[in-house]
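What the coordinates show
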Amino acid sequence: MDKYEEALNEQIEILKKCQEEHQLKSCFLCDKLFECALRDEYVKAVYESMSKGQGGGFEF
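Residues numbered from 1 in each chain as written. Predicted model: local features only at pLDDT ≥ 70, side-chain atom pairs only at ≥ 80, totals over all residues. Heavy atoms only, no water.

1. A look at the side chain of Q11
- Looking at the secondary structure, you find Q11 in helix α1 (residues 3-21).
- In this view, Q11 contacts L38, E41, Y42 and A45; residues no more than four positions away in its chain are not counted. (Helix = DSSP H or I, 4+ residues; strand = E, 2+ residues; numbered from the N terminus. Contact = heavy atoms within 4.5 Å.)

Below, the structure is given as structure tokens:
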């Protein structure tokens, strides 16, 4: 497992813990979805794990 996958797994655990604390099954059910720093960090970790740090843009 490389550092990007480790960072992603860490972010997944943080996100799951938040969902459990708020009794949600998904971030999409949260009213703070678009302003959530935890989710932003998770999305960044997903991108980094896919690109393996090779850069490039990440736009929706």
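2. Let's talk about the packing of α1 against helix α2 (residues 37-51)
- The contact between α1 and α2 brings their axes to 9 Å, and the two run at 155 degrees. When the axis of α1 is compared with that of α2, the two are roughly antiparallel. For the element pair α1 and α2, the recorded crossing hand is left-handed. When α1 is examined against α2, the residues Y4, A7, L8, Q11, I12, I14, L15 and C18 are found in contact with a partner set consisting of L38, R39, E41, Y42, A45, V46, E48 and S49.
- Here the residues of the contact of α1 with α2 sort into eleven nonpolar, two polar and three charged. (Axes fitted to C-alpha atoms, helices over the stretch in contact; angles between N-to-C directions. Parallel < 35°, antiparallel > 145°, perpendicular 65-115°, else oblique. Left-handed = near helix turned anticlockwise from the far one by under 90°. Nonpolar A, V, L, I, M, F, W, Y, C, P; charged D, E, K, R; others polar.)

3. Structural notes on the state of the cysteines
- Under the counting rule described, the total for this entry stands at zero disulfides.
- Note on C27: no disulfide assigned, nearest cysteine sulfur contributed by C36 at a separation of 6.3 Å.
- C36 provides the cysteine sulfur closest to C30, a residue in no disulfide bond, and the two sulfurs are 6.4 Å apart.
- Classification of C30 by relative accessible area gives partly exposed; the value is 26%. (Disulfide = S-S within 2.5 Å. Buried < 20%, exposed > 50% of the residue type's maximum accessible area, 1.4 Å probe, protein only.)

4. A word on α2
- In this model α2 runs 21 Å from its N-terminal to its C-terminal C-alpha over 15 residues, within 8% of the 21 Å that 1.5 Å per residue would give.
- Looking at α2, one finds that the buried residues are R39, A45, Y47, S49 and S51.
- Tucked into the core, α2 has its buried residues touching α1. (Expected span 1.5 Å × (residues − 1).)

5. Things to note about the environment of I14
- By the element assignment, I14 lies in helix α1.
- Residue I14 is classed as partly exposed on the basis of its relative accessible area of 31%.
- With 25 residues separating them in the primary sequence, I14 and R39 have C-alpha atoms 9.3 Å apart.

6. Focus: the pattern of salt bridges
- By the definition in use, this model includes one salt bridge.
- In this structure, E41 and K44 form a salt bridge, with 3.7 Å as the shortest nitrogen-oxygen distance. One end of the pair, E41, and the other, K44, are both in helix α2, three residues apart, so they sit about a helical turn from each other.
- Judged by relative accessible area, which is 38%, E41 ranks as partly exposed.
- Under the relative-accessibility criterion, K44 is labelled partly exposed at 48%. (Salt bridge = Lys/Arg side-chain N within 4 Å of Asp/Glu carboxyl O.)

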